[in-house]
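# Notes for the structure review
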Amino acid sequence: RLRFIGMMGQAQNYLIEMAGHNMTLIAVDGKDVQPIMLSKFNLHAGERHDVVVCADQRPGNYLISAEYDLACFLEKAPAPSMPRVDSCRFWAFLNYDGHADEPGRATRKVLGGYTPPRGTGGGAKPSPVAGPVW
């Protein structure tokens, strides 16, 4: 069970996904919900989402992504009265116990933003996920 907490200030929402792992949403803001398997979900400011993840993949480092989709266009082309942003994507890794390889690092793109870091072991080529985006 993982709890994602929307502790953002100026951002409205992040789209959360986990490479190679389906997530079953079981609670929103502390209230149980009808479980639903998701490939991605939106997390808004102040929200809490509890998901169950079945860690049954090959050992490795699996990328967890949070994308502030409303700011992605600002990486390359700032709008009037809006600053250019360094990145609209943020990453972490789900590390399987016993897998010691270091995950890759994000690299800066020429025109703005970053290329995501690479997973290792089973996370280098994760299995596709199923379920809707919520």
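Whatever comes next refers back to the structure up there.
The structure contained in this document is the topic of the report that follows. Quantities reported herein were computed from a predicted structural model and do not represent experimental measurements.

### Re the pairing of strand β5 (residues 40-44)
Each regular strand carries side chains that alternate between the two faces of the sheet. Burial along β5 is one-sided: the face carrying Phe41 and Leu43 is buried and the face carrying Lys40, Asn42 and His44 is not. Where strand β2 (residues 13-18) and β5 come together, 5 bridges link them in antiparallel fashion. Opposite Glu17, over in β5, you have Lys40 as the bridge partner.

### Quick notes on the nonpolar core
A general feature of soluble globular proteins is that nonpolar side chains tend to end up buried together. The biggest cluster of nonpolar side chains holds 21 residues, and the ones touching the most others in it are Phe4, Tyr14, Ile16, Met18, Met23, Phe41 and Val51. Excluding residues that lie within four positions of it along the chain, Met18 makes contacts with Leu2, Phe4, Met23, Val53, Leu63, Ile64, Leu94 and Val129.

### Brief notes about unusual backbone geometry
One non-glycine residue, Asp29, lies in the positive phi region at around 55°. Residue placement: Asp29 occurs in the loop between β3 (23-28) and β4 (31-38).

### As for the sheet that holds β4
The strand order β1-β6-β3-β4 describes an open sheet built from 4 strands, whose pairing is antiparallel. For this open sheet the edge positions go to β1 (2-5) and β4, each flanked by a neighbour on one side alone. Recorded for the sheet is a direction-independent mean angle of 25° between the axes of neighbouring strands. Note that β3 and β4 share 5 bridges and pair antiparallel. When the bridges of β4 are listed, Leu25 appears paired with Ile36.

Reading the values: the criteria
- Residues numbered from 1 in each chain as written.
- Predicted model: local features only at pLDDT ≥ 70, side-chain atom pairs only at ≥ 80, totals over all residues.
- Heavy atoms only, no water.
- Buried < 20%, exposed > 50% of the residue type's maximum accessible area, 1.4 Å probe, protein only.
- Helix = DSSP H or I, 4+ residues; strand = E, 2+ residues; numbered from the N terminus.
- Pairing = 2+ DSSP bridges.
- Core = buried A, V, L, I, M, F, W, Y, C linked by side-chain atoms within 4.5 Å.
- Contact = heavy atoms within 4.5 Å.
- Axes fitted to C-alpha atoms, helices over the stretch in contact; angles between N-to-C directions.

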